[in-house]
Amino acid sequence: LRGPGRDTLPVDPKEYLIPLYNLLPRLGSSVGSEKTMEAAIQCLDHAFLQRRELSTSRLAAFLKRLTSTSLHCPPHSATPLLARARQVSSRYSSSKVERMLENEEDIVAEGMFAPEAEDPEHSNAHATSLW
């Protein structure tokens, strides 16, 4: 929340980040989803560009989900998703996020990536590359 109500009505970011995370794969399969895509982009802006995300595992999971979803979208939908992924990764430059740009063979992480995880914290996105 922003404005005067943010102090009186605390909202856990996970309450809207988990549904947003689970919505992203459906963006590539829905026909005529221009308004849905615009709403998802606005939510991503509010979640990662207008506030500071402290969890690098959540951030990595969203970056992986954005890039994976863009592979299944038509070009007019994939472009805004990739642009947001670039903006988010530029804002949060850390060694863990930059490691995702390397080959999977070069990544040293514990566990395996779980793309079907509903909670981005449990996907272990640091164990894979962005592509």
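Since this is a predicted model, take the numbers as computed values, not measurements. (Residues numbered from 1 in each chain as written. Predicted model: local features only at pLDDT ≥ 70, side-chain atom pairs only at ≥ 80, totals over all residues. Heavy atoms only, no water.)

Draft legend 1. Here's a closer look at helix H4 (residues 75-91). With 17 residues, H4 should reach 24 Å at 1.5 Å per residue; the first-to-last C-alpha distance of 24 Å fits that figure. Among the residues of H4, those classed as buried are Ser77, Ala78, Leu81, Arg84, Ala85 and Val88. The buried residues of H4 occupy an angular sector of 130 degrees when projected down its axis, which confines them to one face. Exposed positions of H4 whose direction lies more than 90 degrees from the buried face are Pro75, His76, Thr79 and Arg86. On its buried side, H4 packs onto helix H1 (14-27), helix H2 (34-49) and helix H3 (56-70). (Helix = DSSP H or I, 4+ residues; strand = E, 2+ residues; numbered from the N terminus. Expected span 1.5 Å × (residues − 1). Buried < 20%, exposed > 50% of the residue type's maximum accessible area, 1.4 Å probe, protein only. Arc of directions from axis to C-beta. Contact = heavy atoms within 4.5 Å.)

Draft legend 2. Structural detail: unusual backbone geometry. The phi torsion at Asn124 lies on the positive side, around 55 degrees, for a residue other than glycine. Tracing the sequence through the fold places Asn124 in the segment after helix H5 (95-99).

Draft legend 3. Region of interest: the pattern of salt bridges. Within the structure shown, the criterion is met by three salt bridges. Across the pair Lys14 and Asp119 runs a salt bridge, and its minimum N-O distance is 3.2 Å. Linking Lys14 in helix H1 with Asp119 in the segment after H5, this pair joins segments that are 105 residues apart in sequence. Among the ionic pairs, Asp45 bridges to Arg84, the shortest N-O distance being 2.7 Å. (Salt bridge = Lys/Arg side-chain N within 4 Å of Asp/Glu carboxyl O.)

Draft legend 4. Molecular detail of the packing of aromatic side chains. Inspection of the entire model under this criterion finds two aromatic pairs. Geometrically, the ring pair formed by Tyr21 and Phe62 is edge-to-face, given 5.3 Å between the ring centres and 65 degrees between the ring planes. Here Tyr21, found in helix H1, pairs with Phe62, found in helix H3; they are 41 residues apart in sequence, far enough to count as distant. Across the pair, exposure class does not vary: Tyr21 and Phe62 are buried alike. (Phe/Tyr/Trp six-rings, centres within 6.5 Å; stacked < 30°, edge-to-face > 60°.)

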